[in-house]
Amino acid sequence: MLDLAIIGGGPAGLTAGLYATRGGLKNVVMFEMGMPGGQITSSSEIENYPGQVEVVSGMDLMANWPEQCQRFGLKHEMAQIDRVTKSGDIFTLTTNDKKEFQAKTVLIATGSVPKRAGFKGENEFFGKGVSTCATCDGFFYRGKEVTVIGGGDSAIEEAVYLSKMCSKVYLVHRRDTYRAAPSTIEHMKHASNIEEVTNVMVEEVYGDASGVQGLKVKHKETGEIRDLPTPGIFVFVGRDVLNAPLKQEDGTFLCNLNEAGEVIVDLRMRTSVAGLYAAGDIRIDAPKQVVCAAGDGATAAVNIIEYLG
């Protein structure tokens, strides 16, 4: 019987494992199919993590986390958890090869992944000019022109954020109306260096070995092709929350989710089910930053220790 089962080996899961084991829990297992570290390991440059003076890759930033977090007894199980159920006070975790683990508490920290828009060159240049995080990568385009793709709150908020450091921001959207809140749209329209490029489809992103050089968009009505020669392209077309382990056989979910599929938690990272916690990008209102995910993991672990005590 596990004291705590952690699903996900990113910053939230690792930090929770560190705090839980160092805090006295004896049987804690982190389930992660690959090498621990999470999505941040695919980022080429990180310079906004507190205390990290030098610019490093996401892989380098996370390099020492697993060793530190396993020092006090955290175990790493390379298994994919397909489903979590609860009977009485005990959770059962079922892997994709039908093995079962039982636990007194569960922390789900599987995160979410940005949706891809699907245009030509998106995958080829991802991390080489195509990004899904303005907070992470916007600084590298200070004083330059960039393009934001999307029409929801995140896209418009990030366009406004980028407008404060970039010389110009092209806001590319496939419709001529936005899905964002009116106040967000109004804020965007007050930014003099944001140009709206609406009712268009992205034809392709182009570049060379050094990275992105620009993108071409096609007007949906006229067919006109326009070239936007920007070295930075930020895609915000939604996120896919990795909540599949919480889905039950009858199609419902083990705990309460919002409309976007994010797990609803309180300030202690508690879900609607006693003993079940969520941390990191899978939870509601997550800032989607490494430091915040780590904080979530620590918060969850401290409260799990209290719950089990």
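Residues numbered from 1 in each chain as written. Predicted model: local features only at pLDDT ≥ 70, side-chain atom pairs only at ≥ 80, totals over all residues. Heavy atoms only, no water.

Naming follows an unreviewed UniProt entry, where the protein appears as Thioredoxin reductase of Arcobacter caeni. In its Subunit (unreviewed entry) section, the UniProt record describing the protein reads: "Homodimer." UniProt, in its Catalytic activity (unreviewed entry) section for the protein, records the words "[thioredoxin]-dithiol + NADP(+) = [thioredoxin]-disulfide + NADPH + H(+)". (UniProt positions renumbered as here; feature names shortened; annotations may be inferred.)

A.B. asks: Go over the sheet that holds strand 8 (residues 130-131) with me, naming the residues and quoting the values.
C.D. replies: Read across the sheet, 5 strands follow the order 8-15-9-10-11 without closing on themselves; strand pairing throughout is parallel. The open sheet has two free edges, formed respectively by strand 8 and strand 11 (194-198), since each of these has just one partner strand. With 5 bridges joining them, strand 9 (residues 145-149) and strand 10 (residues 168-173) adopt parallel strand pairing. Residue pairing in the sheet places Thr147 in a bridge with Tyr170 of strand 10. Sitting on the sheet, helix 5 (residues 153-163) touches strand 9, strand 10, strand 11 and strand 15 (232-235), and the angle it makes with strand 10 is about 165°. (Pairing = 2+ DSSP bridges. Helix = DSSP H or I, 4+ residues; strand = E, 2+ residues; numbered from the N terminus. Contact = heavy atoms within 4.5 Å. Axes fitted to C-alpha atoms, helices over the stretch in contact; angles between N-to-C directions.)

A.B. asks: Describe the domain arrangement of the protein, listing the residues and the values that go with them.
C.D. replies: The domains assigned to the protein are domain 1 (2-114 + 239-308) and domain 2 (117-236). The C-alpha-based centres of domain 1 and domain 2 are spaced at 32 Å. Every contact between the two is made by 6 residues of domain 1 and, on the other side, 8 residues of domain 2. Roughly 600 Å² of surface becomes buried between domain 1 and domain 2 when both sides are summed, with 51% attributable to carbon and sulfur atoms. Across the domain 1-domain 2 interface, the total number found is 0 salt bridges. For the pair domain 1 and domain 2, the interface holds 0 residue pairs in polar contact (both at pLDDT 80 or more). Class assignment for the residues of the side of domain 1 that touches domain 2 results in 1 nonpolar, 3 polar and 2 charged. (Domains from an automatic or database assignment. Buried area = accessible area lost by both parts, 1.4 Å probe. Salt bridge = Lys/Arg side-chain N within 4 Å of Asp/Glu carboxyl O. Polar contact = N/O pair within 3.5 Å; in protein donor to acceptor, adjacent residues only side chain to side chain. Nonpolar A, V, L, I, M, F, W, Y, C, P; charged D, E, K, R; others polar.)

A.B. asks: So what about the packing of aromatic side chains? Which residues, and what values?
C.D. replies: Per the stated rule, a full pass over the model turns up 5 aromatic pairs. Plain terms: the ring middles of Tyr141 and Phe234 are 5.8 Å apart, the flat faces sit at 85° to each other, and that makes the pair edge-to-face. Of this pair, Tyr141 sits in the loop between helix 4 (134-137) and strand 9 while Phe234 sits in strand 15, placing them 93 residues apart in sequence. Phe234 carries the same exposure label as Tyr141, and that label is buried. Residues Tyr277 and Tyr307 carry aromatic rings whose centres are separated by 6.4 Å and whose planes lie at 75° to one another, so their mutual orientation is edge-to-face. (Phe/Tyr/Trp six-rings, centres within 6.5 Å; stacked < 30°, edge-to-face > 60°. Buried < 20%, exposed > 50% of the residue type's maximum accessible area, 1.4 Å probe, protein only.)

A.B. asks: Tell me about helix 6 (residues 182-189), residues and numbers included.
C.D. replies: For helix 6, the complete set of buried residues consists of Thr184, Ile185 and Met188. Buried positions in helix 6, seen along its axis, are confined to an arc of 100° and lie on one side of it. Counted as exposed and oriented over 90 degrees from the buried face of helix 6: Pro182 and Ser183. Buried residues along helix 6 sit in contact with helix 5, strand 10 and strand 11. (Arc of directions from axis to C-beta.)

A.B. asks: Describe the pattern of salt bridges, listing the residues and the values that go with them.
C.D. replies: The final tally for this structure, using the stated rule, is 10 salt bridges. Here Glu249 ties to Arg83 by a salt bridge, and the two come within 3.5 Å at their closest N and O atoms. Taken as a pair, Glu249 in the loop between strand 16 (239-241) and strand 17 (276-278) and Arg83 in strand 4 (residues 81-87) lie far apart in primary sequence, 166 residues in all. You can call Glu249 exposed: its relative accessible area is 71%. Salt-bridge contacts for Glu306 lead to Arg268; the nearest nitrogen and oxygen are separated by 3.8 Å. One end of the pair, Glu306, is in helix 7 (residues 290-308); the other, Arg268, is in the loop between strand 16 and strand 17, and 38 residues separate them in sequence. Residue class for Arg268 comes out partly exposed when judged on its relative accessible area of 37%. Here the salt bridges do not stand alone but share partners, grouping Lys168, Glu195 and Arg226 into one network.

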